[in-house]
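So you can see what is in the structure, the chains are spelled out below.
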Amino acid sequence: MQISFLQAVLIGLVYYLGNGPWLAGVGYYTLYRPLVAGFLVGLILGDPVQGTIVGAAINLMYLGFISAGGSLPADPCLAGTVGAAIAIASNLDPKVAVALAAPIGLLGTLIWFVKMTVNATFAHVADRYAEEGNTRGIMLANVVYPQILLFVISVIPVFLASYYGASSVQTVLDFLGGKVLHILMVIGGMLPALGIAINMRAITKRDTIMYYFLGFFLVMYLKLDVVAIAIFGAIIAYAVVISSRKERTT
């Protein structure tokens, strides 16, 4: 399958919106996740089901993902967006897509560090505008310039990777043959276990282990599905947050 020019642009926009402040800030909490990004990429390419399957497989690697202190160990959004695009266009098995998405996610850290480094200069520009009392300049330095930068460094690389990457990957896979493809499938099958293990490490801490067992027993004895467990979990989380706030204020 050949990804068209327009499709490649739209895929680039998915990555941009996942990193941007638009959509009322919801983009980072939804589009940034490979599951959602994979679905949207699949929708653009005419196969939302396969996009969701690939995105879900990639998402398993990042179950324990956290970005703290301005650091970014990998970029789940880039892995999900480009990984799903290449997998659908090249008709790859989701396990192979996971193996290919892992290094793509690591390359995403370059985009992150470029953004953070250049944005620091915009802060100094805003300071100069503030000294001059130029409110329009402050708005430009804090909003417009960073978004232009983010658009350029996110849409263009993803566009190029989607437009040219699928055919290149397919050519390489055809050249390497079935044995290498099988190795990639084995590696791809192991990588989700790492994401699950990282997530379990957080779950099994003293303050959170009780919620894990609560969910387990609700499934085993009450036969609740995942959606029902998620709803109960959201209610319990809300109650815990409200209770902790009241304790801090008293």
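A quick note: this is a predicted structure, and the numbers were derived from the prediction, not measured.

Asks: Any details on the overall build of the protein chain? Residues and values, ideally.
Replies: Counting its regular elements, the protein chain contains ten helices and zero strands. Taken from N to C terminus, the helices and strands of the protein chain fall in the order α-α-α-α-α-α-α-α-α-α. Burial status across the protein chain gives 35% buried among its 250 residues. In the protein chain, once contacts between residues fewer than 6 apart in sequence are set aside, the share between residues at least 24 apart is 71%. Put simply, the protein chain shows about 14400 Å² of open surface, and 72% of that area lies on carbon and sulfur atoms.

Asks: Which residues make up the packing of aromatic side chains, and what values go with them?
Replies: Counted according to the given criterion, the structure contains ten aromatic pairs. Ring geometry for F5 against Y163: centres 6.2 Å apart, planes inclined by 80°, an arrangement best described as edge-to-face. Taken together, the residues span a long stretch of sequence, with F5 in helix α1 (residues 5–19) and Y163 in helix α7 (residues 135–176) at a distance of 158 residues. Classification of F5 as exposed rests on a relative accessible area of 53%. Aromatic pair F213 and F217: ring centres 6.4 Å apart, planes at 25°, arrangement stacked. Taken as a pair, F213 and F217 lie in helix α9 (residues 209–222) at a separation of four residues, close to a single helical turn. The class of F213 is partly exposed, set by a relative accessible area of 40%. Among the aromatic residues, ring-to-ring pairing joins Y212, F213, F216, F217 and Y221 into one connected group.

Asks: Please set out the packing of helix α4 (residues 48–59) against helix α6 (residues 94–132) residue by residue, giving values where relevant.
Replies: Where α4 contacts α6, the axes come no closer than 9 Å and their chain directions differ by 55°. Relative to α6, the element α4 lies oblique. Remark: the crossing between α4 and α6 carries right-handed chirality. Two secondary-structure elements touch here, α4 through Q50, I53, V54, A57 and I58 and α6 through P94, A97, V98 and A101.

Asks: Tell me about the environment of V36, residues and numbers included.
Replies: Here V36 shows up in helix α3 (residues 34–44). Judged by relative accessible area, V36 falls into the partly exposed class, the value being 28%. Here the alpha-carbon distance between V36 and G80, two residues 44 residues apart in the chain, equals 8.3 Å. When residues no more than four places from it in sequence are discounted, the contact partners of V36 are T30 and L31.

Asks: Tell me about empty space enclosed by the protein, and please be specific about residues and values.
Replies: Inspection of every chain in the model, using the stated rule, returns one cavity of 30 Å³ or more. Here the largest cavity is characterised by a volume of approximately 30 Å³. Lining the largest cavity we find Y15, N19, D75, G108, I111, W112 and K115. Put simply, the parts of the chain that give the lining of the largest cavity at least two residues each are α1 and α6. Here the lining of the largest cavity takes four residues from α6, the largest share from any one element. Residue classes in the lining of the largest cavity are distributed as three nonpolar, two polar and two charged.

Asks: Residue-level account of α1, with values.
Replies: The terminal C-alpha atoms of α1, which comprises 15 residues, lie 22 Å apart, in line with the 21 Å expected from a rise of 1.5 Å per residue. Those residues of α1 lying buried are Q7, A8, I11, G12, V14, Y15, Y16, G18 and N19.

Asks: Account for the nonpolar core, naming residues and giving values.
Replies: For soluble globular proteins, the rule of thumb is that nonpolar side chains tend to be buried together. Within the largest apolar cluster, 36 residues are counted, with the highest numbers of intra-cluster contacts made by I3, I11, I58, M61 and L78. Of all the secondary structure elements, the ones that give two or more residues to this core are α1, α4, α5 (76–90), α6 and α7. Per-element tally for this core: the top contributor is α5, with ten residues.

Asks: Describe the environment of L107, with residues and values.
Replies: Topologically, L107 is positioned in helix α6. Expressed as a C-alpha distance, the spacing of L107 and A79, which sit 28 residues apart in the sequence, is 8.9 Å.

Asks: Requested: an account of the packing of α1 against α5, with residues and values cited.
Replies: Two elements in contact, α1 and α5, have axes separated by 10 Å at closest approach and are oriented at 165°. Taken together, α1 and α5 sit at an angle that is classed as roughly antiparallel. The crossing of α1 and α5 is right-handed. Residue-level inspection shows I11, V14, Y15, G18 and N19 of α1 in contact with α5, the latter providing C77, L78, T81 and A85.

About the criteria used
- Residues numbered from 1 in each chain as written.
- Predicted model: local features only at pLDDT ≥ 70, side-chain atom pairs only at ≥ 80, totals over all residues.
- Heavy atoms only, no water.
- Helix = DSSP H or I, 4+ residues; strand = E, 2+ residues; numbered from the N terminus.
- Buried < 20%, exposed > 50% of the residue type's maximum accessible area, 1.4 Å probe, protein only.
- Contact = heavy atoms within 4.5 Å.
- Areas by Shrake-Rupley, 256 points an atom, 1.4 Å probe, with all protein chains shown as cover.
- Phe/Tyr/Trp six-rings, centres within 6.5 Å; stacked < 30°, edge-to-face > 60°.
- Axes fitted to C-alpha atoms, helices over the stretch in contact; angles between N-to-C directions.
- Parallel < 35°, antiparallel > 145°, perpendicular 65-115°, else oblique.
- Left-handed = near helix turned anticlockwise from the far one by under 90°.
- 1 Å grid on protein atoms, 1.4 Å probe; cavity = no way out; pocket = protein on both sides within 12 Å on 5 of 7 lines; lining within 4 Å.
- Points joined across faces, edges and corners; volume = space filled by probe spheres on them.
- Nonpolar A, V, L, I, M, F, W, Y, C, P; charged D, E, K, R; others polar.
- Expected span 1.5 Å × (residues − 1).
- Core = buried A, V, L, I, M, F, W, Y, C linked by side-chain atoms within 4.5 Å.

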